[in-house]
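# Geometric and topological summary
Each chain, letter by letter, is given below.
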Amino acid sequence: MRHRTIGHPVASGRNGGEIGFGAVGCGGFGLFALHQLVQVPGLDLVAVTDVSGQAMARARDEFGADAAPDLDALLARDDVDAVYIATPPYLHHDQAMRALAAGKHVICEPPPAVTVGDGEQLLTEARRRDRLLVTDFLRRYDPLFAAIASLLPAGALGQFLHGSFENLGSAEDLPPDHWFWDRALSGGIFVEHGVEFFDLFAGWLGTGRVQAARIGVRSGSSIEEQVDCAVRYDGGGWVSFYHGFRQGSHTDRQTLKLFFELGDVTLLNWTPTRVRMHALVSESQARAVADMFPGAQLDLVETYAAPHREYWSRREEQDADHIPDTAGGAVVKTRRYAELLRAMFTDQTAWIRDHDHPRRVTEADGYDALVTAHEADRLAGLAGLAGGDQLTSV
């Protein structure tokens, strides 16, 4: 079941002024996100709560916000219009439902819920109460997302053929008893990590359907430490996803690649600040691609101009003489992540004030990514897996 959002105008923040936020979860990433929230004009962090008294006290002192003893106390405040949730996945559904029941808007770190049923319940409740319920899919706010979104339909590199995302993650900070390995608490790797990248490619290529999936279990245990799957998108092409947690921290890395008839595009790291492209294109195609990536540097590697070296693409004869290598600026990754968070808070709270505002991420996006993750889980046959790999396909 897929959903699309329909909105109606609502009032802005308290007394038509600032939008008051309450924060649930003030740990490492939550604290980082709050530093970005307070920089957005029109937003006011009024209260925080956390099961860790130390984390809550630190947030209180850093932002001058009130420390609420628990979630109920935070939700009872009239000056809290919206709630930002940065807690482990198994808490998201209950906390978001309670916030919606209290009439609050909700921005939640992914995933929106652990199960599809809980995700649908949240979506239904948000619509019934006419409240924001959005998953923080930051990659939709990255300038590189928009650039590739422009590149795909432009045809400058020919037809899109295949994509891949490889997440070689570190397990050094994830002891065997960590909630991450407990599927009842995290939803499993497809849910806890995969939803962000299922959504990323859906934003580029439209609805995706999982065709095959597999998991790997750590030898001698029941710990699921690797997953992969293949998704076919309505916009064309296949995409392979791999998430594995077997690396040391110094070899933790991520790579996203898109393959076209005339070349390929590579984005490196979890929050990429650089894109590298290799392609066989004409002068006009090279200029068109460069326009999509401001600041791109074009390096001519080899010229293919002789008649006997002409080539074919989709049955159309082409001559090509440039290979662009495009690069984003030398932006520090942490700064880029901060920029994306501020853009997300700005975009989503604009919708609170005016439901006609076209958001980059909607309630439906979080739900649809969760559905895709569970489709991958189902095909992988996780429930019956005891020790080893299993591949199931349709």
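Each value, and the rule that gives it
- Position numbers for residues start from 1 in each chain and track the written sequence from start to end.
- Residue-level local features of this predicted model are given only where pLDDT is at least 70; pairs of side-chain atoms are given and counted only at 80 or more, and the full residue set underlies all totals for whole chains, interfaces and linings.
- For the side-chain quantities, the full set of heavy atoms in the structure was used; hydrogens and water were omitted.
- Two rings from Phe, Tyr or Trp (for Trp, the six-membered ring) form a pair when their centres are within 6.5 Å of each other. A pair whose planes differ by under 30 degrees is stacked, one over 60 is edge-to-face, and the rest are tilted.
- Geometrically, a charge over a ring is one whose NZ (Lys) or CZ (Arg) sits within 6 Å of the ring centre while staying within 35 degrees of the ring normal.
- Two strands are counted as paired when DSSP detects at least two bridges linking them.
- The helix count covers DSSP runs of H or I at least four residues long, the strand count covers runs of E at least two residues long, and both are numbered beginning at the N terminus.
- Per-residue confidence from the predictor is reported as pLDDT, a score between 0 and 100.
- Contacts: residue pairs with any heavy atoms within 4.5 Å of one another.
- The convention used is that axes are lines fitted to C-alpha atoms, helices contributing only their stretch in contact, and that angles between N-to-C directions extend from 0 to 180 degrees.
- Angles below 35 degrees are treated as roughly parallel, those above 145 as roughly antiparallel, those between 65 and 115 as roughly perpendicular, and all remaining angles as oblique.
- With the far helix as reference, a near helix turned anticlockwise by less than a right angle produces a left-handed crossing, and one turned clockwise produces a right-handed crossing.
- The residue classification treats Ala, Val, Leu, Ile, Met, Phe, Trp, Tyr, Cys and Pro as nonpolar and Asp, Glu, Lys and Arg as charged. All others, Gly included, are polar.
- When accessible area is computed with a 1.4 Å probe and restricted to protein chains, residues below 20% of their type maximum are described as buried, those above 50% as exposed, and intermediate ones as partly exposed.

What follows deals with the packing of aromatic side chains. All told, the structure shown has 16 aromatic pairs when counted by the stated rule. Through successive ring pairs, a cluster of aromatic residues spans Phe-145, Phe-190, Phe-198, Phe-201, Trp-204, Tyr-233 and Phe-241. The positively charged end of Arg-359 is found above the aromatic ring belonging to Trp-351, 4.3 Å away from the centroid.

Pairing is parallel across the open sheet formed by 6 strands, whose spatial order is 3-2-1-4-5-6. If you trace the sheet from one side to the other, it starts and ends with strand 3 (66–67) and strand 6 (133–135), each paired once. Summarising the sheet, strand 5 (residues 105–108) and strand 6 pair through 3 bridges and their orientation is parallel. Paired with Val-106 across the strands is Leu-133, a residue of strand 6.

Per-residue confidence for the protein averages 86 on the pLDDT scale, and 85% of its residues sit at or above 70. Low pLDDT, under 50, characterises residues 1–13; the stretch is placed with 44 contacts to residues that sit more than four places away or in other chains. Note on residues 383–388: pLDDT under 50 across the span, and 9 contacts to partners over four residues away in sequence or across chains.

Take the packing of helix 8 (residues 189–205) against helix 11 (residues 363–380) next. In the contact formed by helix 8 and helix 11, the axes pass within 8 Å of each other and the chain directions differ by 120 degrees. Taken together, the axes of helix 8 and helix 11 lie oblique to each other. Here the hand of the crossing between helix 8 and helix 11 comes out right-handed. Between helix 8 and helix 11, the residues in contact are Phe-190, Val-191, Val-195, Phe-198 and Asp-199 and Asp-365, Ala-369, Leu-370, Thr-372, Ala-373, His-374, Ala-376 and Asp-377, respectively. A breakdown of the residues in the contact of helix 8 with helix 11 according to their chemical character gives 8 nonpolar, 2 polar and 3 charged.

Here strand 11 (residues 253–260) shows one buried face, formed by Gln-254, Leu-256, Leu-258 and Phe-260, and one open face, formed by Arg-253, Thr-255, Lys-257 and Phe-259. Of the strand pairs in this sheet, strand 11 and strand 12 (residues 263–268) are connected by 6 bridges, and their pairing is antiparallel. Looking at the pairing, Lys-257 lines up with Thr-266 of strand 12.

Burial of strand 13 (residues 275–279) is one-sided: the residues Val-275, Met-277 and Ala-279 facing one way are buried, the residues Arg-276 and His-278 facing the other way are not. Sheet analysis places strand 12 next to strand 13, joined by 5 bridges and oriented antiparallel. Within strand 13, the residue paired with Leu-267 across the bridge is Val-275. Taken together, strand 12 and the strand that follows it, strand 13, pair antiparallel across an intervening segment of 6 residues, in which Asn-269 is found at a positive phi of about 80 degrees.

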